[in-house]
Amino acid sequence: MIRILHTADWHLGQTFFGYDRTEEHEAFLDWLAGEILRQEIDALIIAGDVFDVSNPSAASQSIYYRFIYRVTAENPNLQIVIVAGNHDSAARLEAPLPLLQAMRTEVRGVVRKLEGGAVDYDHLCVELKNRQGEVELLCMAVPFLRQGDYPVVQTEGNPYAEGVRELYTQLLRRLWKRRKPNQAILAIGHLQATGSEIAEKDYSERTVIGGLECVSPEAFPEQIAYTALGHIHKAQRVSGRENVRYAGSPIPMSFAEKHYHHGVVMVTFDEGRAVDIRRIECPKSIPLISVPSGEPELPEKILEMLGELPETEGTAPYLEVKVLLEEPEPMLRQEIEDVLADKNYRLARIVSSYRTGAENVEKEETDWKKGLQEMSPLQIAQSAFEKIYQSEMPEDLVDLFQEAYLAATRKEEEEER
């Protein structure tokens with residue numbers, strides 16, 4: 001028997017509209033270390049987006065390495081498998097691998113190639129042992145796949161989705177030949193699965209417009225005992241399949257995620273299959289509060305509602321204010337701050353909606369720069385276009401931007417390698 005803990009999307013180093021979140025991340029990792037010890041976990045899986053940015057701060061890296069040292073010291077049999085997500089730098093995450101391997105930690109960020117350009121599938125396989133020292137899990141440790149990482153497939157469909165599926169197919173084929181009757185296969189991936197649920201207007205998950213990077217759940221056939229996914233912040237089963245799951249993020253990354261149930265997934269394997277799969281919820285982090293909770297209200301009503309908010313003690317909650325305006329009100333932020341002065345809240349953003357004919361046009365007054373951290377480059381460009389021209393960016397312009405961005409990303413990755 002072997003027991004794993006599936007986590008993902010830590011986003012260490014994230015700032016929330018300018019506010020530092022170190023306290024929240026450290027609280028989560030402290031809780032996680034306790035769960036690993038309490039549940040007698042044999043392997044910890046981190047399915048991508050360890051860090052929030054590709055060049056994390058020294059403080060964020062310190063938190064990460066101290067955690068790995070702590071849990072491997074407290075749990076002499078614990079193994080850790082980490083794959084890079086789209087927020088991570090694949091090369092930077094994998095660089096200290098020789099040192100991490102001394103702490104029973106395997107990292108897969110870069111998809112290595114053999115001479116001739118074929119994928120080095122053996123590098124993407126990690127063996128996990130039970131407490132008797134026997135290999136009980138064959139792990140497909142696949143990081144976020146960028147163009148050039150996966151096999152080229154001739155298809156009239158989506159070349160990305162088909163290429164990713166082909167990589168998993170080839171890897172599974174190899175592992176299935178190696179597999180012994182008492183061994184199970186575990187797949188790890190950082191991707192957007194077709195049918196996965198994402199919050200509307202949530203820019204913290206950098207998905208590609210139009211679903212160009214969606215991968216069918218059929219990429220994970222029944223031979224795989226459990227598939228541990230990252231990238232989507234809402235914990236969920238994929239296409240209703242009990243053994244194909246997103247662990248979700250440990251803390252909310254945006255106001256769109258404030259009602260999510262954050263946590264990890266514990267999976268027990270025995271005799272070559274997953275015999276028990278259960279969610280473990282994290283302790284609640286700092287609350288995210290929206291005023292009003294529903295549709296925006298006029299400024300007079302907003303100030304009244306804010307005045308009725310109870311005073312808080314200890315760590316201040318994050319606050320989002322949604323206001324409906326007839327015209328710009330330059331003093332509104334100051335008035336809001338005055339009302340909140342003695343109540344101990346962190347004013348994260350003010351979202352202003354303006355009436356334009358029969359519709360409301362939503363804008364953000366003060367959080368434009370702060371909100372950029374939650375948006376992909378394409379989403380920033382689209383948002384700016386809509387603000388200027390009051391219409392959606394044309395599809396041909398979206399395609400041009402996407403091509404330019406992918407080319408720039410490829411160049412950056414080549415320079416890193």
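These remarks concern the structure in this document.

About the thresholds
- The written sequence of each chain sets the order in which its residues are numbered from 1.
- In keeping with the model being predicted, local features are shown solely for residues with a pLDDT of at least 70 and side-chain atom pairs are shown and tallied solely at 80 or more, while totals for entire chains, interfaces and linings include all residues.
- Based on all heavy atoms of the structure, the side-chain values leave hydrogens and waters out of the count.
- Starting at the N terminus, helices and strands are each numbered in turn, a helix being any DSSP run of H or I of at least four residues and a strand any DSSP run of E of at least two.
- Should any heavy atoms of two residues lie within 4.5 Å, those residues are counted as being in contact.
- Under this scheme, a helix contributes an axis fitted over its contacting stretch, all axes are lines through C-alpha atoms, and angles between N-to-C directions fall in the 0 to 180 degree range.
- For classification, angles of less than 35 degrees are called roughly parallel, those exceeding 145 degrees roughly antiparallel, those between 65 and 115 degrees roughly perpendicular, and all remaining angles oblique.
- Crossing handedness: left-handed means the near helix sits turned counterclockwise from the far one by under a right angle, and right-handed means the same turn made clockwise.
- Amino acid classes used here: Ala, Val, Leu, Ile, Met, Phe, Trp, Tyr, Cys and Pro are nonpolar; Asp, Glu, Lys and Arg are charged; the rest, including Gly, are polar.
- For this analysis, a nonpolar core means a set of buried residues of the types Ala, Val, Leu, Ile, Met, Phe, Trp, Tyr and Cys, connected via side-chain atoms within 4.5 Å.
- Exposure is judged per residue with a 1.4 Å probe applied to protein chains only, and the accessible area is read against the type maximum: over 50% gives exposed, under 20% gives buried, and values in between give partly exposed.
- Any two strands are treated as partners once DSSP identifies two or more bridges connecting them.
- Seen with its strands pointing away from the viewer, a crossover is right-handed when the path leading from the first strand over the helix to the second is clockwise.
- Only rings of Phe, Tyr and Trp enter the pairing, Trp through its six-membered ring, and a pair is recorded when the two centres are within 6.5 Å. The plane angle decides the type: under 30 degrees is stacked, over 60 is edge-to-face, the rest tilted.
- Counted as over-ring charges are cases with an Arg CZ or a Lys NZ within 6 Å of the ring centre that also lie within 35 degrees of the ring normal.

## Some words on the overall build of the protein chain
The helix and strand inventory of the protein chain stands at 10 helices and 20 strands. Long-range contacts, defined as pairs at least 24 residues apart, comprise 69% of the intrachain contacts of the protein chain with a sequence gap of at least 6.

## So, the packing of helix α1 (residues 22-38) against helix α2 (residues 58-74)
One can describe the packing of α1 onto α2 by two numbers: an axis separation of 10 Å at closest approach and a directional angle of 15 degrees. Between α1 and α2, the angle falls in the class roughly parallel. Relative to α2, α1 is oriented so that their crossing is right-handed. Contact with α1, carried on its side by T22, E26, L29, D30, L32, A33, I36 and L37, involves I63, R66, F67, R70, V71 and E74 of α2 and no other residues of that element. Split into classes, the residues belonging to the contact of α1 with α2 amount to eight nonpolar, one polar and five charged.

## Considerations on the environment of A274
Secondary-structure assignment places A274 in strand β16 (residues 273-281). Each C-alpha atom, one on A274 and one on Y226, is 6.7 Å from the other, the two residues being 48 residues apart in sequence. When residues no more than four places from it in sequence are discounted, the contact partners of A274 are A225, V267, T268 and F269.

## Quick word on the nonpolar core
Counting residues in each nonpolar core, the largest one holds 33 residues, and the members touching the most others are L32, Y64 and F67. If you list the elements that add at least two residues to this core, you get α1, β4 (43-47), α2, β5 (79-83), α3 (90-94), α4 (97-101) and β15 (263-270). If you tally residues by element for this core, the top one is α1, at six residues. Excluding residues within four positions of it along the chain, L32 makes contact with L5, T7, W10, L44, F67 and V264. Y121, C125, Y168 and L171 belong to the second largest nonpolar core, which has 32 residues in total.

## Quick notes on the packing of helix α6 (residues 299-307) against helix α7 (residues 332-340)
Two numbers describe how α6 lies on α7: the axes approach to 9 Å, and their chain directions differ by 20 degrees. Between α6 and α7, the interaxial angle falls into the category roughly parallel. The two elements α6 and α7 meet at a crossing, and its hand is right-handed. In contact with P299, L303, L306 and G307 of α6, α7 contributes L332, E335, I336, V339 and L340. Taken together, the residues of the contact of α6 with α7 sort by class into seven nonpolar, one polar and one charged.

## Considering the sheet that holds β5
With mixed pairing, six strands are arranged side by side in an open sheet as β6-β5-β4-β1-β15-β16. Looking along the sheet, the strands with just one partner apiece sit at the ends: β6 (105-108) and β16. Each neighbouring strand pair of the sheet contributes to a mean axis angle of 20 degrees, computed without reference to strand direction. The sheet contact formed by strand β1 (residues 2-7) and β15 spans five bridges and is antiparallel. Residue pairing across strands places I4 opposite V267, the latter belonging to β15. Running over the sheet, α2 touches β4, β5 and β6 and is turned about 155 degrees from β5.

## Quick notes on the pairing of strand β17 (residues 288-291)
The pairing of β17 with strand β18 (residues 318-325) spans four bridges and is parallel. Paired with I289 across the two strands is L319, which belongs to β18. The parallel pair β17 and β18, bridged by α6, forms a crossover whose chirality is right-handed.

## Focus: the packing of aromatic side chains
With the rule as written, the count across this model stands at 12 aromatic pairs. Taking the centre distance of 5.5 Å and the plane angle of 90 degrees together, the rings of W10 and F67 count as edge-to-face. Of this pair, W10 sits in the loop between β1 and β2 (15-16) while F67 sits in helix α2, and the two are 57 residues apart along the sequence. On the accessibility criterion, W10 (0% relative accessible area) is buried. For the pair Y150 and Y160, a centre-to-centre distance of 5.3 Å together with 85 degrees between the ring planes defines the contact as edge-to-face. Residue Y150 is located in the loop between β8 (135-141) and α5 (159-178), and its partner Y160 is located in helix α5; the two are separated by 10 residues in the primary sequence. Overall, the relative accessible area of 9% leaves Y160 in the buried class. Aromatic ring contacts, followed pair by pair, group F16, F17, Y19, F255 and Y318 into a single cluster. Taking the ring centre of F16 as reference, the NZ or CZ of R21 above it sits at 4.6 Å.

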